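Spelled out, the chains give:
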Amino acid sequence: MTPEHGSRRAHERGTFVFDEERRRRSRDGPRLLVTNDDGIDAPGLQLLARRLAARYEVVVVAPKDDCSGSGTGIGRVDAARGVGFTTAEVPGVEEAYAIAGPPGLAVMAATLGAFGGAPDLVVSGVNAGLNTGHSVIHSGTVGAALTARTFGGRGVAISLARSNPWHWEAAVAVACDVVEWMLRHREPSVLNVNVPALTLERIRGAKWARLDAFGYFRVATSESGKNLEFDVRSKDSGRDADSDTGYCFAGFVTLTPLSTVEPEDPPNVSARDVVPVLDFD
């Protein structure tokens, strides 16, 4: 991973390497990695990072462009050329980098020590739009939190329901409480949080919620007619009142623990029956 242009940090240390000693360096207080999939200039990330930096050591590593829908993907990585990044400006945050890749790559690189010590917690968001139901597998916001767990860390994803105007302040207030709680508890490893489109005083409370059968995202054609914008739900989304979609539509903040990919027990058949072409007996 190499910088696209010179910076003080790059000049002092040359190219970034995955250094185990730097990963384990001692420090005071929790270290947070803040990322998203909407891009480093997105208002949800900018406000969240600034608020968290007032209380914790924060490094921002986020996509330079919108990478919505990237899931846990890390994109194409050229081993010879590396991945470009630049220093970025996030008010109130001392360390911020825009990376030429999706949030999964940002989390992987930061966890392996490319940007100093490994984070104690990955905070992804605030995403512009809900991420509920089993369709969260496609979300770059949630994917960043899941990637943290894959590399031995922990993550929280924060998403906000759409409204006009957006209620960023409410979402960030919720996120700060959740981050504090996550730092005081070892479980769950990954928590998906969805905030309804309400001011803080109108939110009805918080609920532990299971994943909706499908969930919520959007698909539309942009004004130019050249792009698709996603924000779609199935006809049954939200009908299950105890699901994350249902509770969020009812005005509650939803809290859903997640895990990364886990194997299922194999069926009670011989593996030879599945691939008989390899049965040479």
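Residues numbered from 1 in each chain as written. Predicted model: local features only at pLDDT ≥ 70, side-chain atom pairs only at ≥ 80, totals over all residues. Heavy atoms only, no water.

Before going further, it helps to examine the nonpolar core. Counting residues in hydrophobic clusters, the biggest one holds 39 residues, and the most contacted among them are Leu52, Val60, Val123, Val156, Val193 and Val195. Counting residues per element, this core draws most heavily on helix 6 (residues 168-184), at 10 residues. If we skip the residues at most four places from it in the chain, Val60 touches Val34, Ile40, Leu45, Ala49, Val90, Val93, Glu95, Ala96 and Tyr97. (Core = buried A, V, L, I, M, F, W, Y, C linked by side-chain atoms within 4.5 Å. Buried < 20%, exposed > 50% of the residue type's maximum accessible area, 1.4 Å probe, protein only. Helix = DSSP H or I, 4+ residues; strand = E, 2+ residues; numbered from the N terminus. Contact = heavy atoms within 4.5 Å.)

The next thing to look at is the pattern of salt bridges. For the structure on display, the rule yields 5 salt bridges. Glu57 is the salt-bridge partner of Arg31, the closest N and O atoms lying 2.5 Å from each other. Taken together, the positions of Arg31 in strand 2 (residues 31-35) and Glu57 in strand 3 (residues 57-63) put the pair 26 residues apart, joining distant regions of the chain. Judged by its relative accessible area of 25%, Glu57 is partly exposed. The closest approach of N and O atoms between Lys64 and Asp65, which form a salt bridge, is 2.8 Å. If you follow the salt bridges from partner to partner, you end up with Arg31, Glu57 and Glu95 in one network. (Salt bridge = Lys/Arg side-chain N within 4 Å of Asp/Glu carboxyl O.)

Counting buried residues in strand 8 (residues 190-195) gives 6 out of 6 residues, a clear majority hidden from the surface. Neither face of strand 8 is left uncovered, since the one carrying Val190, Asn192 and Asn194 and the one carrying Leu191, Val193 and Val195 both have all their residues buried. As paired elements, strand 7 (residues 155-160) and strand 8 share 6 bridges and run parallel to each other. Looking at the pairing, Ala157 lines up with Asn192 of strand 8. Handedness of the crossover joining strand 7 and strand 8 through helix 6 is recorded here as left-handed. (Pairing = 2+ DSSP bridges. Right-handed = clockwise from strand over helix to strand, strands pointing away.)

Positionally, Ala157 belongs in strand 7. Each C-alpha atom of the pair Ala157 and Asn36 lies 8.7 Å from the other, and the pair is 121 residues apart in sequence. Ignoring any residue separated from it by four or fewer positions in sequence, one finds Ala157 in contact with Ser124, Thr141, Val142, Ala145, Leu191, Asn192 and Val193.

If you trace the backbone, Val123 turns up in strand 6 (residues 121-128). Put simply, Val123 and Leu45 are 78 residues apart on the chain and 9.5 Å apart in space, counted from C-alpha to C-alpha. Not counting the four nearest positions on each side in its chain, Val123 is found in contact with Leu32, Leu33, Val34, Thr35, Leu48, Leu52, Val156 and Val179.

Let us now look at the confidence of the model for the chain. With 78% of its residues at a pLDDT of 70 or more, the chain has an overall mean of 83. Note that residues 2-26 has pLDDT below 50 and, in this model, 54 contacts with residues that lie over four places away or in other chains. Considering only residues more than four positions removed or in separate chains, one finds that residues 218-222, a stretch of pLDDT under 50, has 17 contacts. (pLDDT = per-residue confidence, 0-100.)

Moving on: the packing of helix 3 (residues 43-53) against helix 6. In contact at an axis separation of 10 Å, helix 3 and helix 6 are set at 45 degrees when each is read in the N-to-C sense. As the angle between them shows, helix 3 and helix 6 are arranged oblique. When the axes of helix 3 and helix 6 are compared, the crossing they make is right-handed. Here helix 3 contributes Pro43, Gly44, Leu47, Leu48, Arg51 and Leu52 to the contact with helix 6, which in turn contributes Trp168, Glu169, Val172, Ala175, Cys176 and Val179. (Axes fitted to C-alpha atoms, helices over the stretch in contact; angles between N-to-C directions. Parallel < 35°, antiparallel > 145°, perpendicular 65-115°, else oblique. Left-handed = near helix turned anticlockwise from the far one by under 90°.)

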